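Coordinate inspection notes
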Amino acid sequence: MPVDYADREKSYELYRNGKREGTWDPDDYDLTQDREDWSQFSTAEQHRFLATCAGFYDGEEDVTRTLAPYMMALDALPNDEMPFDTVQEEMYLAQQVYEEAKHTDFFSRYFAEVFGTQDTAQYREDGYQEQGYSTEDLYDTADELLAAVNSGDRTELVYALGEAYLNYMGIVEAQLARAGYLSFDQMIELKADEMGREVVLESFQTAVGHIRQDETRHIENGRWVMRKLADAEPDIVQDVYEPRIEEYVENRLLAETDYEQPFDGYDQQRIAEQLTKYLQDTIDYIGADRFERYADVSSALEERAAAD
Ligand SMILES: [Fe+2]
Ligand SMILES: [Fe+2]
């Protein structure tokens, strides 16, 4: 039996939630009003909004194309020696890859039908999305997983999976994507206020709401697996999790985001504070007592900022 129904794990419960919640269809949205709203954005506003959307469109494609090796690496582990059921986790990831494909599908449709282009590169020139950490890194992560599969070594597999889950679910999904949602929220709210409207780009917001709900499950599953991998190999926290978090903090959280902001009243500081809280949540979930430098993210950030 692939699943012990008397012992359904977190990944299986999330898979079950996903079967009910993940049924939305990107084709269902009428984009007529969104197109009309979009024409009311100034060129500078369009450019800013497109920079974030381009990061998402590329990012959703990147996560869709790089998830398969995670399943192969889980499958190469000796399941009975692991503190979690790798088969239930593989079932979960099978659902996730379908959902990521659907997210790519939505952005693809939206770019074609509302933005009138499929070219994301021109909107990513300002380096905002490339700053130190990119979803393009996930292709290297996937290659490292395949190398671990070929080695067949248990510790190497656990370490490669730990790094991969941290990059994908811990940083790209739990930090970068959520920063994007908070940015969308602000841009859309500020534009609606300016236009004296309740909401603008309503279909976009509704569909992205479904994407966010899917991503909440991905993040929840990811941090659960990271904790289980740390149970299997406790040194993974010092050897992998902390150095990668450090790198993210340096390249992203502490980096100056000095780009032009055309939406009047936009509050980048509020987003930064929320991201710090998200990072603390991830660390608390994995077990803050296992972390040396980042057990308390806020004080680690203050210390780092003071040292600079
Ligand atoms: Fe996604
Ligand atoms: Fe995701």
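First, a word on what this report is: a plain description of the structure on this page. Note that the coordinates shown come from a computational prediction; the quantities given were computed from them, not determined experimentally.

Basis of the calculations
Residues numbered from 1 in each chain as written. Chains lettered and ligands numbered in written order. Predicted model: local features only at pLDDT ≥ 70, side-chain atom pairs only at ≥ 80, totals over all residues. Heavy atoms only, no water. Helix = DSSP H or I, 4+ residues; strand = E, 2+ residues; numbered from the N terminus. Contact = heavy atoms within 4.5 Å. Core = buried A, V, L, I, M, F, W, Y, C linked by side-chain atoms within 4.5 Å. Buried < 20%, exposed > 50% of the residue type's maximum accessible area, 1.4 Å probe, protein only. Donors = N, O, S within 2.8 Å, 3.2 Å for Na, K, Ca; no water. Tetrahedral: all angles 85-135°; square planar, octahedral: opposite > 155°, others 65-115°.

Some details on the side chain of Thr-120
Mapped onto the elements of the fold, Thr-120 is located in the loop between helix H5 (86–115) and helix H6 (137–151). With sequence-adjacent residues up to four places away left out, Thr-120 is seen in contact with Ala-54, Tyr-57, Asp-58 and Phe-111.

A look at the nonpolar core
Note on soluble globular proteins: their nonpolar side chains tend to be buried together. Within the largest apolar cluster, 91 residues are counted, with the highest numbers of intra-cluster contacts made by Phe-49, Phe-204 and Tyr-241. It is helix H7 (residues 154–195) that provides the largest number of residues to this core, a total of 20 residues. Aside from chain neighbours lying at most four places away, what touches Phe-204 is Asp-34, Phe-49, Cys-53, Phe-106, Phe-107, Tyr-110, Phe-184 and Ile-188.

Overview of the coordination of the iron ion (ligand 2)
Glu-100 (OE), Glu-173 (OE), Glu-215 (OE), Glu-215 (OE) and His-218 (ND1) make up the full set of protein donors to the iron ion (ligand 2), lying at 1.9 to 2.4 Å. Between the donor residues of the iron ion (ligand 2), the gaps in sequence give the motif E-x72-E-x41-E-x2-H. Between the iron ion (ligand 2) and the iron ion (ligand 1), the interatomic distance is 3.4 Å, and Glu-100 donates to each metal, bridging them. Of this pair, Glu-100 sits in helix H5 while Glu-173 sits in helix H7; the two residues are 73 residues apart in sequence, bridging distant segments of the chain.

Examining the coordination of the iron ion (ligand 1)
Coordination of the iron ion (ligand 1) by the protein is provided by Glu-60 (OE), Glu-100 (OE), His-103 (ND1) and Glu-215 (OE), with metal-donor distances spanning 2.0 to 2.2 Å. Around the iron ion (ligand 1) sit four donor atoms, and with donor-metal-donor angles ranging over 93 to 154 degrees the site reads as irregular. Site description for the iron ion (ligand 1): donor spacing in sequence, E-x39-E-x2-H-x111-E.

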